[in-house]
There are 2 protein chains.
Amino acid sequence: MVDDPDRSSADPDEAIMRATYRALSAHGYADLTMKRIAAEYGKSTAAIHYHYDTKDDLLAAFLDFVLGRFKDAVHEVETTDPEERLELLLDQLLVSAGDHSDLLVAMLEMRSQAPYNEPFSERFRQNDAYVRYLLETVIDQGIDADVFADADAEHVARALMTIVDGARTRAVVLDEETALATARRAAAEYLAGTLDHRPA
Amino acid sequence: MVDDPDRSSADPDEAIMRATYRALSAHGYADLTMKRIAAEYGKSTAAIHYHYDTKDDLLAAFLDFVLGRFKDAVHEVETTDPEERLELLLDQLLVSAGDHSDLLVAMLEMRSQAPYNEPFSERFRQNDAYVRYLLETVIDQGIDADVFADADAEHVARALMTIVDGARTRAVVLDEETALATARRAAAEYLAGTLDHRPA
């Protein structure tokens, strides 16, 4: 989701986002303060308030930043082969997420606040709709190209996101180290049953 | 998970649990106070503190209560036919949960606190291990009886719980009304691919 958080940047917005990443990873959402973010940023809280009025404004911007990073990573998936592309997308969602396991705890806290926080809610929905669109598109391409069996692509994309969200929840709540790997295997099994992958 | 919360009870512990259920459903976890639980209980906060020292003690007991209710519901699943029993367990996990959607919001807040709250963490792990044991047992019975194809029952149970946890998370974070129904269908498709259900 986020590149090396220690990479320095000349862009103050990006530097604040990286500081937020480190502060969230270290303290979680409930214990996050502007002061802690400022400490990671290496400047005063005033320097952060200059860009963001409130902590929740900053965190809404942080969710946009994380989604942006995810989009960048997805754009690097260059193959147009539907089977390979679907595998790589699932790797991005379930394998690469393990590189940021320190962020998963804070993300689940923020997700649990979605019913009370409209800007969070909006961004989680937008993120989900975007990823489902990517999945649905590649599934439809595979169906059109006859490499996948005919299927309800919209439903299959939702089912895959259910597995992804379950894995991320379990990784945090149960501290289950194998949650992402279990889900990656389950997603492959689900697709084998649903899209009837033909042997290569 | 919980029977009709308005049913009155002579047992003070159970009456407090029902009051906690109503207070959690109405206010969520972050805004839950002993005062609000007492208001639902219809007695003073002292009457609750007599039984539970802190809010977190009470909530740990509440998680035990919810798990107990779930166990009771599962014991009512009387069939020993593995296919039917597995279907009914999934209905309990994914269909009946919809009757308590007001509780799902508070439960996700509590789950997100598991990394910071050992008594919560312990109960979520215990709950998960219990449900996985039920699923694994019925899958193994089906494999032994040759109604299911040979499969890694431990993994299949984990995969099913990933779908269950994903559905519950999505129902709350995305306010997705169809999240449980989508997951129920995905679980059936996953099992059709994995356990190779034979046609009835």
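Residues numbered from 1 in each chain as written. Chains lettered and ligands numbered in written order. Predicted model: local features only at pLDDT ≥ 70, side-chain atom pairs only at ≥ 80, totals over all residues. Heavy atoms only, no water.

- Looking at an unreviewed UniProt entry, chain A carries the name Transcriptional regulator, with the source organism given as Halovivax ruber.

Thoughts on the pattern of salt bridges
Side chains that carry opposite charge are capable of pairing whenever their charged atoms lie near each other.
And then number 1: Scanning all chains against the criterion turns up 30 salt bridges over all chains.
And then number 2: When the shortest N-O distance is used, the salt bridge between Glu14(A) and Arg18(A) registers 2.7 Å. Taken as a pair, Glu14(A) and Arg18(A) lie in helix H1 (residues 12-27) at a separation of 4 residues, close to a single helical turn.
And then number 3: Several salt bridges share partner residues, and in doing so they unite Arg111(A), Asp128(A), Arg132(A), Glu154(A), Arg158(A), Asp165(A), Arg170(B) and Glu176(B) into one network. (Salt bridge = Lys/Arg side-chain N within 4 Å of Asp/Glu carboxyl O. Helix = DSSP H or I, 4+ residues; strand = E, 2+ residues; numbered from the N terminus.)

Here's the deal with the confidence of the model for chain A
Residue and element names in this part refer to chain A.
And then number 1: When pLDDT is averaged across chain A, the result is 89; 93% of the residues are at 70 or more.
And then number 2: Mean pLDDT values over the elements of chain A span from 88, in helix H4 (residues 55-75), up to 97, in helix H8 (residues 153-173).
And then number 3: In the model, residues 1-7 has pLDDT below 50 throughout and makes 22 contacts with residues more than four positions away in sequence or in other chains. (pLDDT = per-residue confidence, 0-100. Contact = heavy atoms within 4.5 Å.)

Notes on the nonpolar core
And then number 1: Judged by nonpolar contacts, the single largest core of 72 residues is most densely connected at Phe62(A), Met110(A), Phe62(B) and Met110(B).
And then number 2: Aside from chain neighbours lying at most four places away, what touches Phe62(B) is Met17(B), Thr20(B), Tyr21(B), Leu24(B), Leu103(B) and Met110(B).
And then number 3: Within the second largest apolar cluster, 66 residues are counted, among which are Leu135(A), Leu94(B), Ala157(B) and Val164(B). (Core = buried A, V, L, I, M, F, W, Y, C linked by side-chain atoms within 4.5 Å. Buried < 20%, exposed > 50% of the residue type's maximum accessible area, 1.4 Å probe, protein only.)

A short note on the interface of chain B and chain A
And then number 1: Taken together, the 41 residues of chain B in the interface contact 41 residues of chain A.
And then number 2: For the pairing of chain B and chain A, the buried interface totals around 3400 Å² over both sides, and the portion due to carbon and sulfur atoms is 59%.
And then number 3: When the buried area of chain B at its contact with chain A is split by residue, Thr162(B), Arg170(B) and Val173(B) rank highest and sum to 18% of it.
And then number 4: Connecting chain B to chain A are 8 salt bridges.
And then number 5: Between Arg170(B) and Asp165(A) there is a salt bridge, with its nearest N and O atoms 2.7 Å apart.
And then number 6: At the junction of chain B and chain A, the tally comes to 22 residue pairs in polar contact (both at pLDDT 80 or more).
And then number 7: Of all the elements in the fold, those that place two or more residues in the side of chain B that touches chain A are helix H6 (101-112), helix H7 (118-144), helix H8 (153-173) and helix H9 (179-194) of chain B. (Buried area = accessible area lost by both parts, 1.4 Å probe. Polar contact = N/O pair within 3.5 Å; in protein donor to acceptor, adjacent residues only side chain to side chain.)

Quick look at the UniProt feature "DNA-binding region" (unreviewed entry) in chain A
And then number 1: Cross-referencing UniProt, the feature "DNA-binding region" (unreviewed entry) maps to residues 33-52 of chain A in the present numbering.
And then number 2: Within the segment residues 33-52 of chain A, helix and strand shares are 65% and 0% respectively, and the terminal C-alpha atoms sit 13 Å apart. (UniProt positions renumbered as here; feature names shortened; annotations may be inferred.)

So, the layout of surface pockets
In this approach the atoms are scanned with a rolling probe the size of a water molecule, which exposes any empty space left behind.
And then number 1: Taken as a whole, the largest pocket spans an internal volume of roughly 290 Å³.
And then number 2: Lining the largest pocket are 16 residues, and of these Ala171(B), Val172(B), Asp175(B), Glu176(B) and Glu177(B) sit closest to its centre.
And then number 3: Listing elements by their share of the lining of the largest pocket, those giving two or more residues are helix H7 (118-144) of chain A together with H6 and H8 of chain B.
And then number 4: Along the lines of polarity and charge, the residues of the lining of the largest pocket split into 9 nonpolar, 3 polar and 4 charged. (1 Å grid on protein atoms, 1.4 Å probe; cavity = no way out; pocket = protein on both sides within 12 Å on 5 of 7 lines; lining within 4 Å. Points joined across faces, edges and corners; volume = space filled by probe spheres on them. Nonpolar A, V, L, I, M, F, W, Y, C, P; charged D, E, K, R; others polar.)

Describing unusual backbone geometry
And then number 1: The phi angle at Asp175(A) is positive, at roughly 50 degrees, despite the residue not being glycine.
And then number 2: Along the polypeptide, Asp175(A) turns up in the loop between H8 and helix H9 (179-194).

Focus: the relation of the copies chain B and chain A
And then number 1: Least-squares fitting of chain B to chain A yields an RMSD of 0.0 Å, with the superposition described by an axial translation of 0.0 Å and a rotation of 180 degrees. Such a combination of turn and shift is consistent with a two-fold rotation axis. Among all residues of chain B, the one whose C-alpha sits closest to the rotation axis is Gly166(B), at a distance of 1.7 Å.
And then number 2: When the interface residues of chain B are mapped onto chain A, 100% of them again lie at the interface, so the same face is used by both copies. (Least-squares fit on C-alpha atoms with pLDDT ≥ 70 in both.)

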